[in-house]
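This is what each chain is made of:
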Amino acid sequence: MNSEIESLSQDKTLRHYELVLMVHPDQSEQVPGMIDRCKTFVLNRKGLVHRVEDWGRRQLAFPILKISKAHYLLFNIECDSKDLDELDHSFKFNDAIIRHLCLKVTGVPTGSSPMMKIVQKEESKKSEVDA
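Rules used in this analysis
Residues numbered from 1 in each chain as written. Predicted model: local features only at pLDDT ≥ 70, side-chain atom pairs only at ≥ 80, totals over all residues. Heavy atoms only, no water. Pairing = 2+ DSSP bridges. Helix = DSSP H or I, 4+ residues; strand = E, 2+ residues; numbered from the N terminus. Axes fitted to C-alpha atoms, helices over the stretch in contact; angles between N-to-C directions. Core = buried A, V, L, I, M, F, W, Y, C linked by side-chain atoms within 4.5 Å. Buried < 20%, exposed > 50% of the residue type's maximum accessible area, 1.4 Å probe, protein only. Contact = heavy atoms within 4.5 Å. pLDDT = per-residue confidence, 0-100. Parallel < 35°, antiparallel > 145°, perpendicular 65-115°, else oblique. Left-handed = near helix turned anticlockwise from the far one by under 90°. Nonpolar A, V, L, I, M, F, W, Y, C, P; charged D, E, K, R; others polar. Expected span 1.5 Å × (residues − 1). Arc of directions from axis to C-beta.

Some remarks on the sheet that holds strand β1 (residues 15-23)
The strands that make up a sheet pair up through hydrogen bonds in the backbone, lying either parallel or antiparallel. Across the sheet, which stays open at both edges, the 4 strands sit in the order β2-β3-β1-β4 with antiparallel pairing between neighbours. The open sheet is flanked by β2 (48-64) and β4 (97-105), the only strands paired with a single partner. Ignoring which end each strand starts from, the neighbouring axes of this sheet average 20 degrees apart.

Pasting the structure below:
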């Protein structure tokens, strides 16, 4: 009985977050490892990963640290605020991550993000041109 109450109280502390990472373009080969580490971090702390999207390399609106492109990643996760703070702290000291943004959102996302739809459309146009 006590374990049921503890699990319910722990579930109330979980929040939904949308996390966007901008990875240095020279570090693009490390992206699959970053995705795995982030997912493992959240899952090991009894969180949930609802969606992971790799948007690929995209042009920046303005140069950051004299870099004009970045590799974008999107995560929709559900975790405790303490775990999110620890994850945020790890991003600050990772040289491969140029910028990151974490937003608190309501509810679980459904379907692809609007940006992923644009990426998919661009890929389909590119494949039509190649064919």
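Points about the nonpolar core
With 19 residues, the main nonpolar core has L19, L21, L73, F75, I77, L87 and F91 as its most contacted residues. For this core, the secondary structure elements donating two or more residues are β1, α2 (31-44), β3 (67-79) and α3 (81-92). When sequence neighbours within four positions are dropped, the list of residues in contact with L19 reads C38, L73, L74, F75, L87, F91, L101 and C102. With 12 residues, the next largest nonpolar core counts A70, L74, I98 and V119 among its residues.

Notes on the pairing of β3
Extensive coverage of β3 is indicated by the burial of 11 of its 13 residues. Both β2 and β3 contribute to a ladder of 11 bridges, which runs antiparallel. Across the sheet, the residue bridging to G56 is Y72, located in β3. Linking β2 back to β3 in an antiparallel pair, the connection comprises 2 residues, with L65 at a positive phi of about 55 degrees.

Section: the confidence of the model for the protein chain
Per-residue pLDDT for the protein chain has a mean of 87; in total, 90% of the residues score no lower than 70. For residues 1-9, every residue scores under 50 in pLDDT, and the model assigns this stretch 0 contacts once sequence neighbours within four places are set aside.

Some remarks on the packing of α2 against α3
Interaxial distance between α2 and α3 falls to 10 Å at its minimum, and their mutual angle equals 155 degrees. One element, α2, and the other, α3, form an angle in the roughly antiparallel class. Considering only the axes of α2 and α3, their crossing is right-handed. Each of C38, F41 and V42 in α2 lies in contact with α3, whose residues at this interface are D83, E86, L87 and F91. Here the residues of the contact of α2 with α3 sort into 5 nonpolar, no polar and 2 charged.

Thoughts on α2
Taking 1.5 Å of rise per residue, the 14 residues of α2 would be expected to cover 20 Å, and the 20 Å separating its terminal C-alpha atoms lies within 8% of that figure. Those residues of α2 lying buried are V31, M34, I35, C38, F41 and V42. For α2, the angular spread of the buried residues around the axis is 135 degrees, confining them to a single face. The exposed set on the far side of α2, more than 90 degrees from its buried face, consists of R37 and N44. As for α2, its buried residues are in contact with β1, β2, β3, α3 and β4. Directly beyond the C-terminal end of α2, a positive phi value near 60 degrees is found at K46.

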